[in-house]
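# Architecture and fold: a report
Spelled out from the first residue to the last, the chains are:
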Amino acid sequence: MLRKDAAIAANRFGLGARPGDAAIIGSDPQGWLAAQLETARLAPATGQPESARVLAEVRELRVARQAAAQIRANLRPPPEQETPPTAPGIDQQAIREFGAFIREHYVEQTAERHRLAIAADRPFVERLVHFWGNHFAVSVDKQPLAALAGLYEQEAIRPHVAGNFYDLLLAAVRHPAMILYLDNQASMGPSSTAATFVRRNRGRELGLNENLAREILELHTLGVDGGYTQTDVTEFAKVLTGWSIGGALGEGGRAVARFGGDAGNPGQFHFRTLMHEPGDKTVLGKRYREHGADEGEDVLRTVALHPSTARHLATKLARHFVADDPPAKLVEHLADVYLRNDGELGKVYRALIEAEESWREPLAKFKTPHDFAISAYRSLDVAPDDLRPITAFLTQAGQRPYAPGSPAGWPDTAANWNGGDALLKRIEFAAAAGRRIGDRIDPLARAGEVLGEISEHTTMSIRDAANRGQGFALLLASPEFLRR
Amino acid sequence: MTTRRSLLATGATLTLLAPFARLAAAAPNPDARLLLIILRGALDGLAAVPPYADPAYTKLRGPIALSKPGSEGGVLDLDGTFGLHPALTNLHAMYRAREALVLHATATPYRDRSHFDAQNVLEAGSVAPSGANGGWLNRALSALDDAGDAREAVALADSVPLVLRGELAVSSWAPSRLPVPGDDLLVRVRQLYWAADPALAQTLYDALEVRAIVGDTSEQRMDGRAGLSIAPLASAAARILASPDGPRIAVLDAGGWDTHANQGGAQGPLAQRLRGLDDGLEMLKRELGAHWRETTVLVVTEFGRAAAVNGTRGTDHGTAGCAFLVGGAVAGGRVLGDWPGLAARDLYEGRDLRATTDLRALFKAVLHERFGVGEAALARTVFPASDAVEPLEGLTA
């Protein structure tokens, strides 16, 4: 039987208990969590990141698709002719290939994410990877993020979750996935060399896109009430002009690439000097001298240690790990620890683990569909060969992997996840799991191993089940298992 | 340079709003249906309803400006001043049949350009973010319930969006392709919930009720979140709203309107989204059949987008935009609003279409005229501290 505090550690801080966890966690759940952080500092991989290779391929396929579309356009009959000509097939094939390429990567990367989560021996760290991946969310409903989102999480988020927040922030917002998602690749200073060239030679106005700058301030750092203005957003957007991706630019920046902008490493972060807005900029009352790519890093360094950022991050962490409406005192304490330790996240997590509030209320959080599915598989203690059903379930339950639909990421309160339809889908998932598992597991014993103490109603319901499989389904659908 | 007044003079059919101090008592209509469609991500109001006669429009919009009515890819004319985006052909037909009206230069009281706070204000019906518990539609239903007029509502989503959250239990429905659990298991789960967690039990009960109305959709391709067309969800909404004893009020979410880059003009990504919305409205009208007469559809978004095209042929976050009121119950064929103009000095903070009508005035009008929600409840509980926001008048037939 899992002790109450061990159940909180495994289910709320981790990704769901596995049958042997009572022995592994023992009598010191705080120590078990803290030890996971000790080994969490991963050196970022060296050499060319996988995302760069994928992006280069995306670009090649896009070029092929555009060429094919061009061929088709040339073959188009005069408008008065009603029936289209017999298509040569090549364009359809190029489009299919592009779609298949993106899909393959998406399936592979989401499966890898599920695999790591189900098998994680350091589930607290794994949860932190998901938490920060969601804090710095990209969404695959924008092309070609589906081929990049998982790699982004591996390359930019995972290595930094137990390090300093500034390093995490910089890695996230400089990653090509984020640059593409928030449209910074073609944002250029209105007075930059590139914009001036395009204006003179093509008569076209190109300039700022303030999306990345705004979301960094609103979502990643200060928070929406963090004390910035529209002017700060615009100035920060100027600071970030030139933060782009190497290789030939797509759509918006084609003209620039053609007139000889330096190419950089294809598919990797690249600062394009010619697109950068020259001159000093003022963000949040602080003046930044013109110095190219470093300006952006300086602003990020400042906002990372801003009191508003500390408060924003502390609130989100406390909401994720303690309660939808987190205790104000705890938030204050975490923010204070963050600032006193210059944004060292490990110190903040330790404060969170040591806080009395973290252990007071079991089952304070309603699981997201993702939490629910991963913890269900962990409770089975089998590594499934086919992980596609997880993605299928999450899509049905309204949490398609890496698809929050907005840079704010998935919401983190019960009201967003406990709707009737979503509940029905969890029961459907539980029913299917029960059918598959049959009589291989004693559901009542398993309930004790993964949930610890459960209510008398749940105990009776499982005990009275028609068969073991149905009992296991009732375990997964129980009020206790729906929460963490 | 056109001033606000001279544009009004040229746009002869632009309807001035004349809210009355006191509302006529409206009789609650038991058959009234309401569908609220929330376009998340901020619909570009100047692309959906371009003010093509405003002299500043074409220059501000540059490469994404739509051309005048009658030209290739031109806007669909509404009243000589405003047009509809060429993708909105069905909506245009409804407008001409006096079943659709446009409210332009409208916004919630929120002014700070964050999607998430703006959606919170839009749905909470408050003055500022997190300014109210739950959503205005749930509070309106509670007010009716208090007056002995109980009505059910449903969200066409996996979970209930904020606008429908609150005291009154509300159900949700979304397409499913998962195998249906056996009846025996469902009975056991329901028993367990009734004993151990009554709130969960109620939630499950409501979900099963709605699913029974819509029927099995496992064969249909439905993906409201990722797909471009809202037609499948609109079709489910029609079935729910047309069912004899089913909910009369539904909310449908449609995302993907955040067009920061390469949004396109007459063709392109935004045009595709608009076509998806347009298909959905047509599908709804067709499937509601005779009930269309009783139906009001509100189409709203959290804010408009900046007046000028940005440096990457998209539009950044702005302030005022447009809203649509559609349905057989609407006194349509009009563009409402007090047009502030797009000249530089008329723009809000020098960059956005200025808001001249509070969106809550539109919400109040629908709730009052169609459902008989009282004036006092509207001003105090449904939309807290909104005495100063007069409901619009005469929007429905």
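Before any of the text, the structure's been laid out above.
How each quantity is defined
- Residues numbered from 1 in each chain as written.
- Chains lettered and ligands numbered in written order.
- Predicted model: local features only at pLDDT ≥ 70, side-chain atom pairs only at ≥ 80, totals over all residues.
- Heavy atoms only, no water.
- Helix = DSSP H or I, 4+ residues; strand = E, 2+ residues; numbered from the N terminus.
- Buried < 20%, exposed > 50% of the residue type's maximum accessible area, 1.4 Å probe, protein only.
- Areas by Shrake-Rupley, 256 points an atom, 1.4 Å probe, with all protein chains shown as cover.
- Axes fitted to C-alpha atoms, helices over the stretch in contact; angles between N-to-C directions.
- Parallel < 35°, antiparallel > 145°, perpendicular 65-115°, else oblique.
- Contact = heavy atoms within 4.5 Å.
- Pairing = 2+ DSSP bridges.
- Core = buried A, V, L, I, M, F, W, Y, C linked by side-chain atoms within 4.5 Å.
- Salt bridge = Lys/Arg side-chain N within 4 Å of Asp/Glu carboxyl O.

A tally of helices and strands in chain B yields 12 helices and 11 strands. The burial tally for chain B puts 61% of its 397 residues in the buried class. Total accessible area on chain B is roughly 14300 Å²; 53% of this is exposed by carbon and sulfur atoms.

At 3.6 residues per turn, the α-helix brings residues three or four places apart onto the same side. Within helix 7 (residues 149-157) of chain A, 7 of the 9 residues are buried, which leaves the element mostly enclosed by the surrounding structure. Taken as a whole, helix 7 of chain A has its buried residues at Ala149, Gly150, Leu151, Tyr152, Glu153, Ala156 and Ile157 of chain A.

Taken N-terminus to C-terminus, the directions of helix 20 (residues 420-437) of chain A and helix 8 (residues 198-214) of chain B make an angle of 90°; their axes are 8 Å apart at the nearest point. Comparing the axis directions of helix 20 of chain A and helix 8 of chain B gives the class roughly perpendicular. Listed contacts from helix 8 of chain B to Gly420, Asp421, Leu423, Leu424, Lys425, Ile427 and Glu428 of chain A of helix 20 of chain A are Leu200, Thr203, Leu204, Ala207, Leu208 and Arg211 of chain B.

For the rest of this paragraph, the subject is the environment of Asn467 of chain A. One can find Asn467 of chain A in the loop between helix 22 (456-463) and helix 23 (468-477). A C-alpha to C-alpha distance of 9.9 Å links Asn467 of chain A and Arg435 of chain A, two positions 32 residues apart in sequence.

This part takes up unusual backbone geometry. We note that Tyr402 of chain A has phi near 55°; this positive angle belongs to a residue other than glycine. With relative accessibility at 8%, the residue Tyr402 of chain A sits in the buried group. If you check the backbone angles, Arg313 of chain B has positive phi at about 55° while not being a glycine. Here Arg313 of chain B shows up in the loop between strand 8 (295-301) and strand 9 (321-326). Residue Arg313 of chain B is classed as partly exposed on the basis of its relative accessible area of 26%.

What follows deals with the pairing of strand 9 of chain B. All names here are of chain B. Of all 6 residues in strand 9, 6 are buried, a share of seventy percent or more. Pairing geometry for strand 4 (residues 100-107) and strand 9, over 5 bridges, is antiparallel. When the sheet's bridge partners are listed, Leu103 is paired in strand 9 with Ala323. In the sheet, strand 8 pairs with strand 9 via 3 bridges, with the strands oriented antiparallel.

The tendency in soluble globular proteins is for nonpolar side chains to be buried side by side. One finds Trp132, Phe136, Phe165, Phe236 and Leu300 of chain A together with Tyr193 of chain B to be the most contacted residues of the largest nonpolar core, which totals 150 residues. Take this core: its biggest share by element is 8 residues, from helix 20 of chain A.

Another aspect to go through is the pattern of salt bridges. In total, this model carries 45 salt bridges over all chains according to the counting rule given. Close ionic contact of Glu38 of chain A with Arg350 of chain A constitutes a salt bridge, the shortest N to O distance being 2.6 Å. With Glu38 of chain A in helix 3 (residues 29-38) and Arg350 of chain A in helix 17 (residues 345-354), this pair connects stretches of sequence that are 312 residues apart. Among the residues examined, Glu38 of chain A registers a relative accessible area of 55% and is labelled exposed. By relative accessible area, Arg350 of chain A is classed as partly exposed at 26%. Put simply, Glu297 of chain A and Arg174 of chain A hold a salt bridge, and the shortest N to O gap is 3.4 Å. Here Glu297 of chain A, found in helix 14 (residues 293-304), pairs with Arg174 of chain A, found in helix 8 (residues 165-174); they are 123 residues apart in sequence, far enough to count as distant. Taking relative accessible area as the criterion, Arg174 of chain A reaches 27% and is therefore assigned partly exposed. Salt bridges sharing partners connect three or more residues here, namely Glu210 and Arg214 of chain A together with Arg113, Glu349, Arg351 and Asp352 of chain B.

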